Amino acid sequence: MKEKMTRIAGMAVALGLMVLGAACGNQAAATTMKLAGTEGETFVRNEEKELEPVADMNLYSGYLLGTEQEGYLWIDLDSVKLAKMDENSRIGIRKSGKELEIELDAGSLFFQVTEPLEEDETMYIRNSNMVVGIRGTCGWVEAPDEEHLRVYILEGVVECSITDPDTKEVIASQEVAAGQWAQAVWKEGKGEIALEQFTEEGIPDFVRTELEKDPKMQEKISEVLAPVQQDDADGEGSGDGTAEDAPGQEEPEGEQAVGVIRTDKASLEFVNGNAPGGVIVTLRDGLYGAVDLEGEEIVPNSYSSYLRTPNDQGQFALGDGENATVFDRQGNVLLEVQELICMGISENAVTYGHMNEAGKPEVCCYDIAEGRQTARIELEQRYELIGYGYGIGITGLQDGEFLYSDADDLNMHRVRKDGTIVWTDEEQEARLQEIWVEEMRAEGAAIEVTEEGAYATFSSNGSAGTSIFGYDPGCPVQSARDGYIVGTPWLEASLLRIHDLNAGDSIQLDMYSLEGDPVDCIYDFWPQSYYDCGQWYINRGTSLVLRGSAYDGTEEQMDFLIDFSRAQTDASGDVTNEQELVLAKYPYIKLAGDGYYTASDGEAWFYLDEQGNRVDSPEWADCSGFYQGYALVLEKDGMAYLVDRDFDKVTEGYPADSVSQAGGMFCIAKGDEQTFLYMGLQETPESD
């Protein structure tokens, strides 16, 4: 086990890569750097305190800048846009005399100088002793970990070199021109640089959005970058994940480059993983651990439970009995939680519910970067409905806020990272109670309202009965998406509550009412989750999938794809047209964050569009969800292929029994052998 981390202040990088613009000559520094704008959760800190990020603020030596999940930050150099930070990135500003540098500690940074710098101006982007000299160049730099650095050039020419951190000797160098990318690797005292072509499809979204603002630059780049080529009758790309199949490389024979890692389930099973995060959770002899994308163990198989799937930053959680441990992508321990009930990991923070040392339930938020707890809310326990493993639901951070509810309080809360409660559904509950009271009073009931709730008593022919107002906010078992959070029932198993976080309102759906044909005999419904961009979700927009199970104890099931934007409700928000919400009904349907939904009628697998219509495509023996425009399909002859959105094959075939996709990884299962394919990385060795 690696040493516990209490704070992440940046990456100490052993790799030395120098990237200098071809026109660089003078050593005087550029004069002024300013913050041009921000989006989402970002921060600026000087050596003493955190500052409020505002447009046009000057940036000085010693400043640290950062972005969280879905956060972006723009920097101007003398009113000429120079750089944009991708989400989950960290940089530092360094000035010495006239020398000005941006130190990229983690994440990705786009740079574009629309007008060449003056002769007396120079600007560098640096990661440890890895340097990008900027003059009239356009591209982006990625710092995925301590041993790799990637530089992509869209315009101009740069030179890359690796410098030994001990001897300061340049041990490798490579010129990189527009349309090329270089990956430098420094590992175990050895350095090498691989040079490849990349295509327009390889440009990340945070860069693409900037290029779309400059049509002339877009046109110029389109001329330089070759499109992805498709299979033809003579295509014979290697597809074996070797260095020739590097990320974004143009494949003249028509096959798409992929990374490959294999294992034998009999010795080590791959459970789930995340390609951007660089982590695969493993199972050996009933115990969980983790490996990196090179198949090297980062966490030994010594944990009894697998709690949170790796996110796009490679942060994940494993459990041992009542306790949970959160790890980073290198296997370092970030946080340990006693008597865990629930957990979310996102935006470089851990949100969780647990029983504290005093035996009281509480909800907490832990900032990984700062290495400290930023929120701690102790919950009331009036009815003893909360304990180890049950009674609290929580989401990960989204835009600096998270949601939770518990079975004792029965209210939904939206909370900032610092513990400030910004919204609850108490007003909504009070309004619904008033409606219920009036309805009961109209039916002749005697009403009593106390702090504990509202009661309606009916008397007839000498006998009496009491009805109690009930409100269930639902348990937020997965993250909110597109402005909605789906709450699974705390109380009545058939009732699902869907909260509109923008409107501050909700609707309640009786899942049993979806069943139009009583012969289906469905007795149990539950919303289905899907994994996308490092998080688990239930809804995509206003769509979700509800799975119904059969009465007779068999494994038969029926999935209902519904669109709750079609809902008509009564005054209490109860849906009255349940069957009109159903878009499609098959034995299996699964949402996806990218592209079509997968479905099966029991005979074959196929895809549905967002309206639940079958897509015009072949039928397969199995198929996965889409990721970055690609999916894995299994033909009926037992061969699996990656296909694009037009269902054209982009890789060689792999023998398979089944296929799946999660976290940017495509899994091919053949007997005990598992093969994980992932886009944009080189092949890694097989695991033992």
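Remember, it's a predicted structure, so these values are computed and weren't measured experimentally.

### Here we look at the overall build of the protein chain
Right, so step 1: Check the secondary structure of the protein chain and you find 3 helices and 56 strands.
Right, so step 2: Burial statistics for the protein chain: of 688 residues in total, 54% are counted as buried.

### Side note on helix α3 (residues 426-442)
Right, so step 1: The terminal C-alpha atoms of α3, which comprises 17 residues, lie 24 Å apart, in line with the 24 Å expected from a rise of 1.5 Å per residue.
Right, so step 2: Every buried residue belonging to α3 is among Gln428, Leu432, Gln433, Ile435, Trp436, Val437 and Met440, and all of these are buried.
Right, so step 3: Each element contacted by the buried residues of α3 is listed here: β35 (446-450), β36 (453-460), β37 (463-468), β39 (495-500) and β40 (505-510).
Right, so step 4: Where α3 ends, the next residue or the one after it, Gly444, has phi of about 90°, a positive value.

### A closer look at the nonpolar core
Right, so step 1: The biggest cluster of nonpolar side chains holds 38 residues, and the ones touching the most others in it are Met33, Leu59, Leu65, Ile75, Ile91, Ile93 and Ile102.
Right, so step 2: Residue contributions to this core peak at 5 residues, all from strand β9 (residues 99-112).
Right, so step 3: Setting aside its immediate chain neighbours within four residues, Leu65 contacts Leu35, Phe43, Val44, Leu59, Leu73, Ile75, Met85, Ser89, Arg90, Ile91 and Ile93.

### Topic: the packing of aromatic side chains
Right, so step 1: Evaluation of the coordinates by the stated rule reveals 23 aromatic pairs.
Right, so step 2: Summarising the aromatic geometry, the rings of Trp140 and Tyr152 are spaced 4.4 Å apart at their centres and angled 5° between planes, so their arrangement reads as stacked. Highlighted residues: Trp140 in strand β12 (residues 138-145) and Tyr152 in strand β13 (residues 148-155), separated in sequence by 12 residues.
Right, so step 3: Under the relative-accessibility criterion, Tyr152 is labelled buried at 7%.
Right, so step 4: Arranged with centres 5.1 Å apart and planes meeting at 45°, the rings of Tyr531 and Trp536 form a pair that is tilted.
Right, so step 5: Judged by its relative accessible area of 7%, Tyr531 falls in the buried class.
Right, so step 6: In textbook terms, an aromatic cluster arises when at least three aromatic residues are bridged by ring pairs, as seen for Tyr596, Tyr607, Trp620, Phe626 and Phe647.
Right, so step 7: Directly above the aromatic system of Phe606 lies the positively charged group of Arg614, at a separation of 3.6 Å from the ring centroid.
Right, so step 8: Over the aromatic face of Tyr641 sits the side chain of Lys649, whose NZ or CZ is 4.1 Å from the ring centroid.

### Let's talk about the pairing of strand β48 (residues 597-600)
Right, so step 1: Neither face of β48 is open: one carries Tyr597 and Ala599, the other Thr598 and Ser600, and all of them are buried.
Right, so step 2: Across 3 bridges, the pairing between strand β47 (residues 588-590) and β48 is antiparallel. Residue pairing across strands places Tyr588 opposite Ser600, the latter belonging to β48.
Right, so step 3: Between the antiparallel neighbours β47 and β48 lie 6 residues, among them Gly595 with a positive phi of about 90°.
Right, so step 4: Sheet topology places β48 next to strand β49 (residues 605-608); 4 bridges connect them, and they run antiparallel. In the strand pairing of β49, Tyr597 is matched with Leu608.
Right, so step 5: Here β48 hands over to β49 after 4 residues, with Gly602 in that stretch at a positive phi of 95°.

### Focus: the confidence of the model for the protein chain
Right, so step 1: Residues with a pLDDT of 70 or more make up 84% of the protein chain, whose mean pLDDT is 81.
Right, so step 2: When mean pLDDT is taken per element in the protein chain, strand β22 (residues 297-303) scores highest with 97 and strand β1 (residues 17-21) scores lowest with 42.
Right, so step 3: Every residue in residues 1-30 is under pLDDT 50, and counting partners more than four places away or in other chains gives 117 contacts.
Right, so step 4: Below pLDDT 50 for its whole length, residues 680-688 participates in 39 contacts with residues either more than four positions away or in separate chains.

### Re the side chain of Lys84
Right, so step 1: With respect to the secondary-structure elements, Lys84 resides in strand β7 (residues 80-85).
Right, so step 2: Of the residues examined, Lys84 reaches a relative accessible area of 3% and is grouped as buried.
Right, so step 3: Only 3.0 Å separates the side chain of Lys84 from the side chain of Thr209, close enough to count as a polar contact.
Right, so step 4: Polar side-chain contacts of Lys84 include one of 3.3 Å to the side chain of Glu210.
Right, so step 5: The contact partners of Lys84, leaving out residues within four places of it in the chain, are Tyr72, Leu73, Trp74, Ser108, Leu109, Phe110, Phe206, Thr209 and Glu210.

### Quick notes on the sheet that holds β36
Right, so step 1: An order of β35-β36-β37 is seen for the 3 strands of this open sheet, with the pairing classed as antiparallel. Each edge of the open sheet carries a strand with a single partner, namely β35 and β37. Between one strand axis and the next, the sheet turns through 20° on average, direction left out of account.
Right, so step 2: In terms of strand pairing, β36 meets β37 through 6 bridges, oriented antiparallel. Across the sheet, residue Thr457 finds its bridge partner in β37, namely Thr466.
Right, so step 3: Sheet strands touched by α3: β35, β36 and β37. Its angle to β36, the strand with the most contacts, is close to 10°.

### Side note on the pairing of strand β52 (residues 639-643)
Right, so step 1: Of all 5 residues in β52, 4 are buried; the element is thus mostly enclosed.
Right, so step 2: Where strand β51 (residues 631-634) and β52 come together, 4 bridges link them in antiparallel fashion. The partner of Leu634 across the bridge, within β52, is Ala640.
Right, so step 3: Counted between consecutive antiparallel strands, the loop separating β51 from β52 contains 4 residues, among which Gly638 sits at a positive phi close to 90°.

### Some words on the sheet that holds strand β56 (residues 673-678)
Right, so step 1: The sheet built from 4 strands is open, its strands ordered β18-β56-β55-β54 with antiparallel pairing. At either margin of the open sheet sits one strand with a lone partner, and together these are β18 (259-264) and β54 (658-662). The sheet shows a mean angle of 20° between the axes of neighbouring strands, direction not considered.
Right, so step 2: Across 5 bridges, β54 lies against strand β55 (residues 665-670) in antiparallel orientation.

### Focus: the pattern of salt bridges
Right, so step 1: Per the stated rule, a full pass over the model turns up 20 salt bridges.
Right, so step 2: Residue Arg414 is joined to Glu401 by a salt bridge in which the shortest nitrogen-to-oxygen separation is 3.3 Å. One end of the pair, Arg414, is in strand β33 (residues 413-416); the other, Glu401, is in strand β32 (residues 401-406), with 13 residues separating them in the sequence.
Right, so step 3: According to the relative accessible area criterion, Arg414 is partly exposed, its value standing at 21%.
Right, so step 4: Here Arg614 makes a salt bridge to Glu619, at a shortest N to O gap of 2.7 Å.
Right, so step 5: Among the residues examined, Arg614 registers a relative accessible area of 38% and is labelled partly exposed.

### Notes on the side chain of Ser572
Right, so step 1: The residue Ser572 is located in the loop between β45 (557-563) and β46 (582-586) in this model.
Right, so step 2: Take Ser572: its relative accessible area is 16%, and that puts it in the buried class.
Right, so step 3: The residues contacting Ser572, other than those within four sequence positions of it, are Leu432, Ile435 and Glu439.

### Considerations on unusual backbone geometry
Right, so step 1: Positioned with a positive phi, Glu339 is a non-glycine residue whose angle comes to about 50°.
Right, so step 2: Relative to the elements of secondary structure, Glu339 occurs in the loop between β26 (333-337) and β27 (340-346).
Right, so step 3: For Glu339, a relative accessible area of 29% translates into the label partly exposed.
Right, so step 4: Positive phi, normally seen in glycine, also occurs at Gln628, with a value near 50°.
Right, so step 5: Examined against the element boundaries, Gln628 turns out to sit in the loop between β50 (622-623) and β51.

Rules behind the numbers
- Residues numbered from 1 in each chain as written.
- Predicted model: local features only at pLDDT ≥ 70, side-chain atom pairs only at ≥ 80, totals over all residues.
- Heavy atoms only, no water.
- Helix = DSSP H or I, 4+ residues; strand = E, 2+ residues; numbered from the N terminus.
- Buried < 20%, exposed > 50% of the residue type's maximum accessible area, 1.4 Å probe, protein only.
- Expected span 1.5 Å × (residues − 1).
- Contact = heavy atoms within 4.5 Å.
- Core = buried A, V, L, I, M, F, W, Y, C linked by side-chain atoms within 4.5 Å.
- Phe/Tyr/Trp six-rings, centres within 6.5 Å; stacked < 30°, edge-to-face > 60°.
- Lys NZ or Arg CZ within 6 Å of the ring centre and 35° of its normal.
- Pairing = 2+ DSSP bridges.
- pLDDT = per-residue confidence, 0-100.
- Polar contact = N/O pair within 3.5 Å; in protein donor to acceptor, adjacent residues only side chain to side chain.
- Axes fitted to C-alpha atoms, helices over the stretch in contact; angles between N-to-C directions.
- Salt bridge = Lys/Arg side-chain N within 4 Å of Asp/Glu carboxyl O.

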